[in-house]
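# Secondary and tertiary structure notes
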2 protein chains.
Amino acid sequence: MDKTIVLKTKGERTRQAILTTAADLATKEGLEPLSIGRLAEATGMSKSGLFAHFGSKEELQIATAEYAASVFVEEVIAPARAAPKGLPRVWALCDHKLGYLERQVFPGGCFFASTSVEFSHRPGPVRDRIEQLLRSWLSYLEHAVEQAQQSGELDDSLSAREITFELDSFAMAANWQYHMFGDRTVFDGARRATRERLESLRRRQAA
Amino acid sequence: MDKTIVLKTKGERTRQAILTTAADLATKEGLEPLSIGRLAEATGMSKSGLFAHFGSKEELQIATAEYAASVFVEEVIAPARAAPKGLPRVWALCDHKLGYLERQVFPGGCFFASTSVEFSHRPGPVRDRIEQLLRSWLSYLEHAVEQAQQSGELDDSLSAREITFELDSFAMAANWQYHMFGDRTVFDGARRATRERLESLRRRQAA
DNA sequence: TCGAGAATAAAACGATCGTGCTATTTTGTC
DNA sequence: GACAAAATAGCACGATCGTTTTATTCTCGA
């Protein structure tokens, strides 16, 4: 049960190294403006040597998104599964997502926040995959909210979807404001907003 | 007091036509990937003829942001000034911003949402200007919140900054989700979230 | 350790980028 | 309606883009 996956061949290892660099750079420069040459320079490889691992820039972009998703799972989803189902897990998901943004797992913030804006109006397999991954995150959070409603911990007069929308809004806005204004206190603000919102949905239930 | 500014020379008119096209395209393709050649094609001009209006791509980008800001003022700020100071104006600002997003004044959504993500890690005068314009919007909204607090319409145990953060989060998230998932109902959700949040801050005051 | 196959590199391709230079056309004023 | 000035176009530049082709180096199981 080692957290680090051992990669057998050298090809797989360098491929992984490329993807970590690509994901980091993509959150800062963008997934499309990140050129093969630029990425090759950053990884100390030749353009063609790097290119051979993916076959096309589009495949590289998809592989990068795939890798970023695995990081998100490792940093947010997996630790939140330690919290009991219901309200604690809802909070854990929001809190860990804010933590993942706060400690800059990717230097440019949330990988999917950056790339989804970039690709939202650029049809193709890259956009499709990013949308799918984003949907799966929101569905996961929504499912956790539903469980908290079914257990009676959260008010169910408001749909799980709308609660999810509000909760994720705070994290997205914090990520955006931090990278635009450089003010780390937005994360505290987002945590407070999240906590108070969950609290208000709990109190209403008690009344 | 004509709403439409009359432009005297032909140069000023074509410059304006270029900027409207540039702002539209920038929200869909991005402000940096939007090339001079692409923009020239869209406006039916030659590359060099268009280029001469700005002198550099950077100047074109700044002029485009400037134009987008004037649109935002016209579509959001100005109509909200019709509402009385205090809570009604806070609501009007949020509501008109959601309306501006909903009816797609820019085809790719909020100009500043798109471009700020794109330029957040790209230092230079373009980024600086976008940041400044965003700050002025948030300051304006925050000021309206403060007035509502001073008049006793909104609870002032929470800072105006934090209230502003929450309110703008809903609009930003709605814009993002709409352009990623294509679901127009997010705007209703954002309106409901905004209204309920303002309501809860009012009720708390009454108690 | 040797040899097949994987991994990487070098060089070149056409296309497009932002930008400068030089004409040519168009505009607005006397 | 002539004429200076403004506006636009044509063309070329070096650079960089994604990609292909060809050659070289490295890896790792038999």
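Cut-off values and rules
- Residues numbered from 1 in each chain as written.
- Chains lettered and ligands numbered in written order.
- Predicted model: local features only at pLDDT ≥ 70, side-chain atom pairs only at ≥ 80, totals over all residues.
- Helix = DSSP H or I, 4+ residues; strand = E, 2+ residues; numbered from the N terminus.
- Buried ≥ 20, exposed ≤ 12 C-beta atoms within 10 Å, placed from the backbone.
- Contact = placed C-beta atoms within 7 Å.
- Least-squares fit on C-alpha atoms with pLDDT ≥ 70 in both.
- Expected span 1.5 Å × (residues − 1).
- Near = placed C-beta within 6 Å.
- Nonpolar A, V, L, I, M, F, W, Y, C, P; charged D, E, K, R; others polar.
- Core = buried A, V, L, I, M, F, W, Y, C linked by C-beta atoms within 7 Å.

### Thoughts on the overall build of chain A
For chain A, the count of helices and strands is 9 helices and 0 strands. Secondary structure of chain A in N-to-C order comes out as α-α-α-α-α-α-α-α-α. Its C-alpha atoms put chain A at 65 × 40 × 30 Å along the principal axes. Across the 207 residues that make up chain A, the buried fraction comes to 41%. Of the contacts formed within chain A by residues at least 6 apart in sequence, a portion of 61% connects residues at least 24 apart.

### Focus: the relation of the copies chain A and chain B
Once chain A is rotated about the relating axis by 180 degrees and shifted along it by 0.0 Å, it coincides with chain B to within an RMSD of 0.0 Å. Viewed as a symmetry operation, the transformation between the two copies matches a two-fold axis. Across chain A, the rotation axis passes nearest the C-alpha of A:Ser169, at a separation of 2.7 Å. Counting the interface residues of chain A, we find that 100% of their copies in chain B are interface residues as well, pointing to one common contact surface.

### Some details on helix α5 (residues 87–102) of chain B
All names here are of chain B. Taking 1.5 Å of rise per residue, the 16 residues of α5 would be expected to cover 22 Å, and the 22 Å separating its terminal C-alpha atoms lies within 8% of that figure. Where α5 is concerned, the buried positions are Leu87, Arg89, Val90, Leu93, Cys94, Lys97, Leu98, Tyr100 and Leu101. Remark: Gln104 follows α5 within two positions and exhibits a positive phi of approximately 55 degrees.

### Details of the protein's contact with DNA strand C
Neighbouring DNA strand C are 22 residues; A:Gly11, A:Ser48, A:Gly49, B:Ser35 and B:Gly37 lie closest to it. Every element with two or more residues in the surface near DNA strand C is listed here: α1 (10–29) and α3 (47–51) of chain A together with α2 (36–43) and α3 (47–51) of chain B. When its residues are assigned to classes, the surface near DNA strand C shows 4 nonpolar, 12 polar and 6 charged.

### Some details on unusual backbone geometry
Residues and elements named next belong to chain A. The backbone of Gln104 sits at a positive phi, close to 50 degrees, despite the residue not being glycine. As for its placement among the helices and strands, Gln104 is situated in the loop between α5 (87–102) and α6 (111–119). Residue classification places Gln104 among the partly exposed positions, given that 13 C-beta atoms sit within 10 Å.

### Focus on the nonpolar core
When a protein is soluble and globular, its nonpolar side chains tend to lie buried together. Core analysis: the biggest nonpolar cluster contains 116 residues, and A:Ala22, A:Ala174, B:Ala22, B:Ala173, B:Ala174 and B:Ala190 have the highest contact counts within it. If we ignore the near neighbours within four places in the chain, the residues touching A:Ala22 are A:Leu34, A:Leu39, A:Leu60 and A:Thr64.

### Overview of the protein's contact with DNA strand D
Lining the immediate environment of DNA strand D, one finds 22 residues, of which A:Ser35, A:Gly37, B:Gly11, B:Ser48 and B:Gly49 sit closest. For the surface near DNA strand D, the per-class residue count stands at 4 nonpolar, 12 polar and 6 charged.

### Observations regarding the interface of chain A and chain B
The interface of chain A with chain B comprises 29 residues on the first partner and 30 residues on the second. Of all the secondary structure elements, the ones that give two or more residues to the side of chain A that touches chain B are α6, α7 (125–150), α8 (160–181) and α9 (185–206) of chain A. Counting residues per element, the side of chain A that touches chain B draws most heavily on α8(A), at 12 residues. Here the residues of the side of chain A that touches chain B sort into 12 nonpolar, 10 polar and 7 charged.

### Considerations on the environment of B:Ala26
Note that B:Ala26 resides in helix α1 (residues 10–29). Along the chain, B:Ala26 and B:Ser159 lie 133 residues apart, while their C-alpha atoms are 35 Å from each other.

### Remarks on the environment of A:Glu59
Residues and elements named next belong to chain A. Looking at the element boundaries, Glu59 is found in helix α4 (residues 57–80). You can call Glu59 partly exposed: it has 14 C-beta atoms within 10 Å. Taking the C-alpha atoms as reference points, Glu59 and Val126, separated by 67 residues in sequence, lie 8.3 Å from one another.

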